[in-house]
Amino acid sequence: MCGIIGFTGKLEAQDILLDGLEKLEYRGYDSAGIAYFKENGKISIRKTAGKVKDLRAICDDNDSLCGIGHTRWATHGGVTNANAHPHKCGNVALIHNGIIENYHELVSSYDLEKDLISETDTEVAAALFNKLYDGEHPLDAIQKAVPLFKGSFAFCIMFKNNPGVIYAVRNVSPMVAATCEDGSFIASDLTAFIQYSKKYFIVPEYTILTMTSEGISLQALDGTRVEPEFLEVNWDITAAQKDGYPTFMLKEINEQPAAITRTITPRIQNGLPDFSEDNIPKSLFENCRDITIVACGTAMYAGMVGKSLIQDMLGIPVTVAIASEFRYEKPVITEESLVIVVSQSGETIDTLEALRLAKTKTEKTLAIVNVKGSSIARESNYVLYTHAGPEIAVASTKAYTVQTAAFYLIACKLGLVQHKLTETEAHEFIQNLQNVSGHISEILKLSDDVERLTKRMLNASNTFFIGRGIDYTLSMEGALKLKEISYIHAEAYAAGELKHGTIALISEGVPVIALATQSHVYSKVISNIREVKARGAYVILLSMDEEITDTSICDIHISLPKVPDNFAIFESVVVLQMIAYYTSVGKGLNPDQPRNLAKSVTVE
Ligand code: AGP
């Protein structure tokens, strides 16, 4: 999940690389480095463990017009200066995003051990390219080396004696490129160079890209020319900036009303769900007997909401699978099954490989994706793009709510097409969905109250999120948010299940965030909350009650606007996002770049 960038052209390269790496830092921030051609044609490298700002502090060369840069999420080898990219071996310097699975075999097969000083698979790749490079013909070296690699890779490579030229080649790991009058760019994603060009293309897999100050050419491994398929960026640079917010995460939490409106509006015609603009045919929903939803992390939790909704409302069996498990559990999928994969980045390798497996069994694959032209979007039979805009913070917030909104549209469409909803019911459902943005805007006004209540969370070491039904599903997302940005252990639990063992962990002052928005199980949940309260828990309760003053139930009550039960999740999740956010900030942490994490998990 590293960030890579390359530039060659008429502008000074160092600042372009460093500024680009700062925009890519959300992809990984363990260490960073740049390699560049000096005026005399030599390749120089600056790299360090730490963040891009630490790299900037050691970069003092402003006389280069061509270079590559990398910000790392460590996979092979610890976070050290030696393991930082770029890696240079002899006449070759390169950066890499991905995992070379057969790097040990390559070391022994090509006797590379003596050339290595780091613990990384990437340096092995540099040594192999160098071994196969005759000092004059980089393309020959690349054509020979690439078929030898097993695994995922996105390489940007510089060869001595070829100043000003950057070569690139990928398999699975993402890479986009663009060219403009200032020069040519290549990067893991658009955010690195969008201010220079809104026209870009996705570098096709196993295609060698040659980038000079005059432009970019593509060729297949056999040397045949390949034409790039240009795309237009569908958002502007401010969308990938903080716009006055202290963090991307807080900005993205506050963008949710607009993100949901942008996502659902193009799919509502005459008050009913309509996917014609997405070229998703009615037939996809007509005869789907069962649904499998596959994703990772927050995207999976959005899928679990989709399951609750579709199964409860329409009686269609829905399975939610963890993508990394799905691939190895022999899933029961027939050609009548609808498989929905969910991914904000569209590059999560576990989800992408799960999609590829699903496509061997059914042609009814639908991707809910936020990044246009991403791998999952391109490989799925059908795509429902969410329009959340770029999500930079590692902790997913607006992506979750727009993915959930997409499932609400799908559920309504399924109900209509399979005659399980009348048009009147569907109109009411869609009206409730259109009201969600307004309710979230109301919740956002509670931010100061939520920030105050998180003071009690700061010293917690364990917390619990409990609920029943769709509230239990939401508890899982709430627990993940808190864990990943505050480092406090959090566990989501079915409220009715606690008494079967886990309640032994409840002791004086343990924070329990309880959700009680579902009227059909409300009294049961309140009983479960009393059970933990009676054992000393510090209970924060989210419900649609006007007021709860009974201290045997909760310490803090957050009253949510009254909405139909099925739509309460959109308000509740924003409160949970803010609880996690303000707990993280209260602990002096950086919620945008939590330790050990990266935004897009492109390694298995
Ligand atoms: C959520 O806050 C995390 N960043 C992580 O769980 C994320 O949702 C997961 O890696 C899936 O990413 P994707 O949506 O880009 O596929």
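Please read these numbers as outputs of a predicted model, since none were measured by experiment.

Undergrad: Explain the sheet that holds strand 3 (residues 43–49) here, please?
TA: As summarised here, the arrangement of the 8 strands in space is 3-2-4-1-11-10-12-16, forming an open sheet in which the pairing is antiparallel. With one partner strand each, in any of the chains shown, strand 3 and strand 16 (230–232) form the two edges of the open sheet. Averaged over all neighbouring strand pairs, the angle between strand axes comes to 20 degrees, with direction disregarded. In this sheet, strand 3 lies alongside strand 2 (residues 31–37) in antiparallel orientation, the contact comprising 7 bridges. Across the sheet, residue Gly33 finds its bridge partner in strand 3, namely Lys47.

Undergrad: It is not clear to me how the side chain of Asn370 should be interpreted in this structure. Could you clarify?
TA: Among the secondary structure elements, Asn370 is positioned in the loop between strand 22 (365–369) and helix 12 (375–379). One polar contact links Asn370 to Thr386, side chain to side chain, over a distance of 2.9 Å. Apart from residues no more than four positions distant in its own chain, Asn370 is found in contact with Ser343, Gln344, Thr386, His387, Ala388, Gly389 and Glu391.

Undergrad: Quick question: what am I supposed to make of the packing of aromatic side chains here?
TA: Note on aromatic pairs: each is described by the distance of the centres and the angle between the planes. Under the criterion given, the structure shown has 18 aromatic pairs. Geometry around Phe230 places Lys199 over its ring, the cationic atom sitting 4.8 Å from the centre.

Undergrad: Explanation requested: unusual backbone geometry in the structure shown.
TA: Note: most peptide bonds trans; most residues except glycine with negative phi. Here His85 and Pro86 are connected by a cis peptide whose omega angle stands at 5 degrees. One can find Pro86 in the loop between strand 4 (66–72) and strand 5 (87–89). The backbone of Asp111 shows a phi angle near 55 degrees, a positive value even though the residue is not glycine. Here Asp111 lies in the loop between helix 3 (103–109) and helix 4 (121–132). We note that Tyr487 has phi near 65 degrees; this positive angle belongs to a residue other than glycine.

Undergrad: Honestly, the sheet that holds strand 23 (residues 382–385) in this entry has me stumped. Any pointers?
TA: Strand order in the open sheet formed by 5 strands is 20-19-21-22-23, and the pairing between neighbours is parallel. Bordering the open sheet on either side are strand 20 (318–322) and strand 23, each of which pairs with just one other strand. Sheet twist, expressed as the average angle between the axes of neighbouring strands with direction ignored, equals 20 degrees. This element, helix 9 (residues 297–314), spans strand 19 (291–295), strand 20 and strand 21 (338–343) of the sheet and lies at about 170 degrees to strand 20. Contacts from helix 11 (residues 349–359) reach strand 19, strand 21 and strand 22 within the one sheet, and its direction differs from that of strand 21 by about 165 degrees.

Undergrad: Explain the site of the ligand to me, please; I cannot follow it from the model alone.
TA: Every one of the 15 residues lining the ligand counts as a neighbour, but Ser343, Ser345, Thr348, Val394 and Glu484 are closest to it. Residue Thr298 places a main-chain N or O atom 3.1 Å away from an oxygen atom belonging to the ligand. Residue Ser343 places a side-chain N or O atom 2.7 Å away from an oxygen atom belonging to the ligand. Computed on the free molecule, the ligand has an accessible area of 410 Å², of which 91% lies beneath the protein chains in the complex. Looking at the shell around the ligand, its residues break down into 6 nonpolar, 7 polar and 2 charged.

Undergrad: Mind showing me how you'd approach the pattern of salt bridges here?
TA: Once their charged atoms are close, side chains differing in charge can pair, the charge on each being opposite to the other. What the rule picks out here adds up to 23 salt bridges. Here Asp19 makes a salt bridge to Arg56, at a shortest N to O gap of 2.7 Å. With Asp19 in helix 1 (residues 13–24) and Arg56 in helix 2 (residues 52–56), this residue pair connects regions lying 37 residues apart in the sequence. The salt bridge involving Arg356 is made with Glu353; its shortest N-O contact spans 2.9 Å. On the criterion of helical spacing, the pair formed by Arg356 and Glu353 is a turn pair, its members being 3 residues apart in helix 11. On the basis of relative accessible area, Arg356 is assigned to the partly exposed category, the value being 22%. Overlapping salt bridges bring together Lys38, Arg46, Asp60 and Asp61 as one network.

Undergrad: What is the right way to read the environment of Lys481 from this model?
TA: With respect to the secondary-structure elements, Lys481 resides in helix 17 (residues 470–486). Judged by its relative accessible area of 1%, Lys481 is buried. Measuring from C-alpha to C-alpha, the distance between Lys481 and Ser396 comes to 8.0 Å, with 85 residues separating the pair along the chain. At 3.0 Å, the side chain of Lys481 forms a polar contact with the backbone oxygen of Ser396.

What counts and how
- Counting restarts for each chain, with residues numbered from 1 along the sequence as it is written.
- Since the coordinates come from a predicted model, pLDDT governs what is reported: local features require at least 70, and pairs of side-chain atoms require 80 or more to be given and counted, while whole-chain, interface and lining totals use all residues.
- Only hydrogens and water are set aside when side-chain values are computed; all heavy atoms of the structure are taken into account.
- Between any two strands, pairing holds if DSSP finds at least two bridges.
- Secondary structure elements are taken from DSSP: a helix is a run of H or I of four residues or more, a strand is a run of E of two residues or more, and numbering for both begins at the N terminus.
- The convention used is that axes are lines fitted to C-alpha atoms, helices contributing only their stretch in contact, and that angles between N-to-C directions extend from 0 to 180 degrees.
- Whenever a nitrogen or oxygen atom comes within 3.5 Å of another N or O atom, the pair is scored as a polar contact, on the condition that within protein one atom can donate a hydrogen and the other can accept it, and that pairs from neighbouring residues in sequence are kept only if both atoms are in side chains.
- Residues are treated as being in contact if the distance between any of their heavy atoms lies within 4.5 Å.
- In this analysis, rings of Phe, Tyr and Trp, with Trp reduced to its six-membered ring, are considered paired at centre separations within 6.5 Å, and the interplanar angle assigns stacked below 30 degrees, edge-to-face beyond 60, and tilted for intermediate values.
- As a reminder, the over-ring test applies to NZ of lysine and CZ of arginine, requiring each to be within 6 Å of the ring centre and within 35 degrees of the ring normal.
- A single heavy atom is enough: if one lies within 4 Å of a molecule or strand, its residue is considered near that molecule or strand.
- Methods summary: accessible areas were calculated by the Shrake-Rupley approach with a probe of 1.4 Å, and residue burial reflects only the protein chains presented.
- Basically, the charged four are Asp, Glu, Lys and Arg, the nonpolar ten are Ala, Val, Leu, Ile, Met, Phe, Trp, Tyr, Cys and Pro, and anything else, Gly included, counts as polar.
- A pair is scored as a salt bridge if a Lys or Arg side-chain nitrogen falls within 4 Å of a carboxyl oxygen belonging to Asp or Glu.
- Accessible area is worked out with a 1.4 Å probe on protein chains only. A residue is then buried under 20% of its type maximum, exposed over 50%, and partly exposed in between.

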